[in-house]
Each structure stands twice: as structure tokens, then as C-alpha cells.
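Here's the letter readout for the chains.
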Amino acid sequence: MPATLSAQGRLLPTTTLHLAGIPAYVEIAATPEVRNRGLMFRESLPPDHGMLFVFDNMTMTCFWMRNTPLPLSIAFIDEAGRIINLRDMQPYSEADHCPKRPMRYALEMPQGWFDRYGIKAGTLVEGLP
């Protein structure tokens, strides 16, 4: 999958993940600058597209939706690629959404995407960088 333009007009690397056999086409947010910006200011996402946040080490980092107009769902994922927990996030909310235990990755997808495919805590995410 080719790189895509971020909201800042920069190219972000992309990859395809598989969750229970379902493809998720994701931009990779692997630097502090890109992770801090995330999907802010995005008006839409193509079907089955989202953003994968990659951290150098295990973390308890929480997420919020400041300046994010899209309703999103987030999956917190451990080093082994298993989903720890899932949360729905409302547009523009500054409420914290946190993992239940340390995570290595966080995957944001359009709200309801995980439910639509029956993806739950414990699901293995394949293709993580």
C-alpha cells in the first residue's frame, strides 16, 4: 500500500493489518509529532481505513479527541498483538480513553468498525510493524 498524505500534507507510511481475517488499511503514526496530531482535523476516512499508533516501549498513554470531528473507536494492543480493550470516542471530546494495562500499539478506526466485524478484546492483530 502506498504512503498517504496526512492532515499536515506530509506522507505517512501505510500498511495493511488483519484482525480476525478482516483487513484494516492504516496510516502509521510512529513519531511523537505524528502521534500527537493523530486524526485531528480529518473530515472523513475511506472505508476500512484508520491510524495505527506505534510506541517504542510499553505505555499507559491515554487518548482524547481534541480537534477530531470523526467519531472513532480505539483498540489498545499489547506487544504480542492482542487487543487489550476497546473504547468508543466522541468527536471533539477531551475525555481520556486509556488502556487497561500497558500497550505497545493503539488502533483508531471509524466508530463501530470493530463491532461490525465482531472484533473484541483478545483478538490477534496481524501485520503489526
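Just above, that's the structure.
Our subject in this report is the structure included herewith. All values derive from a computational prediction rather than experimental measurement.

### Brief notes about the pairing of strand β8 (residues 103–110)
Link 1 in the chain: With 6 of 8 residues buried, β8 is to be regarded as a mostly interior element.
Link 2 in the chain: Both strand β6 (residues 72–77) and β8 contribute to a ladder of 6 bridges, which runs antiparallel. Bridged to serine 73 within β8 is methionine 109.

### Re the side chain of threonine 123
Link 1 in the chain: Mapped onto the fold, threonine 123 is located in the loop between α2 (113–116) and β9 (125–126).
Link 2 in the chain: Once residues within four sequence positions are removed from consideration, threonine 123 is found in contact with Leu19, Ala20, Gly81, Arg82 and Ile83.

### Let's talk about unusual backbone geometry
Link 1 in the chain: Unlike most non-glycine residues, phenylalanine 41 shows phi in positive territory, near 70°.
Link 2 in the chain: Mapping phenylalanine 41 onto the fold places it in the loop between α1 (32–37) and β5 (49–59).
Link 3 in the chain: A relative accessible area of 43% places phenylalanine 41 in the partly exposed class.

### Quick word on the pattern of salt bridges
Link 1 in the chain: Applying the stated criterion to the full structure yields 4 salt bridges.
Link 2 in the chain: Close ionic contact of arginine 42 with glutamate 27 constitutes a salt bridge, the shortest N to O distance being 2.8 Å. One end of the pair, arginine 42, is in the loop between α1 and β5; the other, glutamate 27, is in strand β4 (residues 22–29), with 15 residues separating them in the sequence. Each member of the pair, arginine 42 as well as glutamate 27, carries the same accessibility label: buried.
Link 3 in the chain: The partner of arginine 104 in a salt bridge is glutamate 79, with the nearest N and O atoms 4.0 Å apart.

The rules behind these values
- Residues numbered from 1 in each chain as written.
- Predicted model: local features only at pLDDT ≥ 70, side-chain atom pairs only at ≥ 80, totals over all residues.
- Heavy atoms only, no water.
- Buried < 20%, exposed > 50% of the residue type's maximum accessible area, 1.4 Å probe, protein only.
- Helix = DSSP H or I, 4+ residues; strand = E, 2+ residues; numbered from the N terminus.
- Pairing = 2+ DSSP bridges.
- Contact = heavy atoms within 4.5 Å.
- Salt bridge = Lys/Arg side-chain N within 4 Å of Asp/Glu carboxyl O.

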